[in-house]
Amino acid sequence: MGRSRSLRCSQNQETSPAVSWRRAAACGFVLAAALAVRGRAPAQPAGSPWARHIIDNTFTGVRAFRLGTIGVGARRDLVAVWEQQGAVRFYQNPGPGAIREPWLSVTIGYSLGASDAAFADFDGDGIPDVVTPCESGLILWHHTASRERYLDPDAWTTDLLPDAPSAAWTAAAAANLDDRYGPDLVAGSQAPAARLGWFERLGQAGDVTGFRWHSLGAAGWVSALVLYDLDVDGDLDVLVADRAGSQAGVAWFENPGDQARRVREWPRHPISTRPSESVSLTLYDLDGDGLLDVISTARPNHIWFHRRRAPHARSWQNYRIRLPDTTGLARAVRVADLNIDGKLDLVLTTEQADAGRSGVVWLTYQRSLMEDVWREYDIAGQAGDDFGGLELIDLDDDGDLDVITSEKNLGLIWYENPTRTPAPAR
């Protein structure tokens with residue numbers, strides 16, 4: 001059992017808390033239903049970019065960001081990692097009245113080669129902290145002991161996650177996998193020596209001196225992780241998108257329950273029917289049958305609708321949706337009724353969207369979810385060509401979902417959904 005080494009931060013500020021995937025999925029379903037009840041609106045015309053607003057463009061190259069709530073009502077705040085500068089920054093949601101202005105932000109720590117951010121209250125003090133996996137080989141934990149000093153950079157400390165094997169870490173997610181001691185950490189990396197596994201907490205709440213590494217199975221380049229009870233047996237499974245090698249594609253690893261700490265590896269269940277360079281994924285009941293489906297993106301130009309056919313999550317049908325020529329390489333995807341017409345749509349970010357292409361679009365089917373070509377509508381226009389992650393949230397409180405994303409030069413930004421007239425400022 002190793003001791004954590006303290007690395008004092010010279011700058012810092014607030015972070016968002018961990019939100020379980022059960023809660024996130026439930027919130028998504030409730031919001032979709034609420035928007036449908038509030039009314040219908042016609043689709044916006046193709047070729048009409050949405051208004052873009054800056055959250056932060058202080059640096060360049062946002063690698064990843066996460067949503068969370070730190071206690072200011074029900075507003076969703078942000079944490080982002082900036083790859084080139086190694087900065088981990090917190091952003092406080094100002095509320096709809098000031099949402100179109102840059103958000104108050106602060107650097108909570110520095111992580112060389114940071115590739116992702118995960119929320120985990122490892123010390124059990126009820127204050128959300130941030131874990132950053134780094135391609136430089138480290139996993140770092142940024143934490144503060146004062147809820148009142150979230151916005152004070154001097155209130156934050158950065159520690160190494162103890163006993164973590166060295167790897168080019170690319171993704172992480174935190175949750176209690178074994179019903180002991182609080183949140184564990186699932187992490188994945190890329191070559192050389194690609195890993196996929198979980199860190200078992202060894203200490204009681206407040207004891208962050210030791211973790212034990214367990215392998216889940218082989219990996220090539222883990223690009224996305226989601227923790228969710230896919231087989232509905234009461235424990236969290238691990239859903240993975242992999243970009244490289246023999247494991248390329250989408251699969252889930254079945255939590256063996258009481259044997260989680262004892263088995264050599266967890267059972268792996270493929271979802272993809274063919275190898276693909278999978279770069280992102282999301283869970284959503286796209287076909288409305290009561291079973292959560294998986295929607296993923298794959299390079300160079302596909303979205304996959306992995307349709308779940310049974311509650312045990314071992315039977316899937318795969319439908320490929322081709323990206324239009326007017327976009328770049330597939331990056332992130334989310335599902336929502338974006339224009340409130342009663343029909344679910346897909347929102348997509350892309351990379352290398354140069355030569356007049358749009359880096360952010362939304363897609364809608366005409367007659368069937370199984371169509372391989374969906375109609376495209378523009379969001380970003382031709383500004384920006386290398387977009388990253390994606391989240392949908394009603395930032396301006398007008399009843400439709402806006403788009404938060406990042407672009408290497410534009411920074412951390414959001415696009416205002418024009419479907420509804422903005423509500424009066426509060």
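Going by the structure above, here's the rest.
Residues numbered from 1 in each chain as written. Predicted model: local features only at pLDDT ≥ 70, side-chain atom pairs only at ≥ 80, totals over all residues. Heavy atoms only, no water.

For the rest of this paragraph, the subject is the environment of leucine 196. Its location among the elements puts leucine 196 in strand 13 (residues 196-201). On the accessibility criterion, leucine 196 (2% relative accessible area) is buried. In the structure, leucine 196 is positioned 29 residues away from leucine 225 in sequence and 10.0 Å away in space, judged by C-alpha atoms. Excluding its chain neighbours within four sequence positions, the residues that come into contact with leucine 196 are Ala187, Gly188, Trp213, Ser215, Leu216, Gly217, Ala218, Ala219, Val222, Leu225, Val240 and Phe253. (Helix = DSSP H or I, 4+ residues; strand = E, 2+ residues; numbered from the N terminus. Buried < 20%, exposed > 50% of the residue type's maximum accessible area, 1.4 Å probe, protein only. Contact = heavy atoms within 4.5 Å.)

The step from alanine 191 to proline 192 runs through a cis peptide bond, and the omega angle for that step is 0°. On the secondary structure map, proline 192 appears in the loop between strand 12 (184-190) and strand 13. Unlike most non-glycine residues, isoleucine 340 shows phi in positive territory, near 55°. Judged by its relative accessible area of 0%, isoleucine 340 is buried. One non-glycine residue, aspartate 397, adopts positive backbone phi at about 60°. For aspartate 397, the location among the structural elements is in the loop between strand 27 (387-393) and strand 28 (402-407).

Another aspect to go through is the sheet that holds strand 23 (residues 329-336). The antiparallel open sheet is built from 4 strands, whose spatial order is 23-24-25-26. Whereas interior strands pair on both sides, the edge strands pair on one side only; in this sheet they are strand 23 and strand 26 (375-378). In this sheet, adjacent strand axes meet at a mean angle of 30° when their direction is disregarded. Alignment of strand 24 (residues 345-351) against strand 25 (residues 360-364), held across 4 bridges, turns out to be antiparallel. Note on strand 25: the bridge partner recorded for valine 347 is tryptophan 362. (Pairing = 2+ DSSP bridges. Axes fitted to C-alpha atoms, helices over the stretch in contact; angles between N-to-C directions.)

Time to look at the pattern of salt bridges. What the rule picks out here adds up to 21 salt bridges. The residue glutamate 83 makes a salt bridge to arginine 63 at a minimum N-O spacing of 2.9 Å. Highlighted residues: glutamate 83 in the loop between strand 4 (77-82) and strand 5 (87-92) and arginine 63 in strand 3 (residues 62-68), separated in sequence by 20 residues. When its relative accessible area of 34% is taken as the criterion, glutamate 83 is described as partly exposed. Of the charged contacts, one joins aspartate 354 and arginine 357 as a salt bridge, the two residues approaching to 3.3 Å between their closest N and O atoms. One salt-bridge network, in which partners are shared between bridges, spans Asp178, Arg180, Glu200, Arg212 and Arg261. (Salt bridge = Lys/Arg side-chain N within 4 Å of Asp/Glu carboxyl O.)

Across the 6 residues that make up strand 29 (residues 411-416), a large majority, 6, are buried. Across 5 bridges, strand 2 (residues 51-56) lies against strand 29 in antiparallel orientation. When the sheet's bridge partners are listed, histidine 53 is paired in strand 29 with tryptophan 414. Relative to strand 29, strand 28 runs antiparallel, the two sharing 5 bridges. Paired with glutamate 407 across the two strands is glycine 411, which belongs to strand 29. Between the antiparallel neighbours strand 28 and strand 29 lie 3 residues.

So far we have only geometry, and geometry alone does not tell us how the molecule works.
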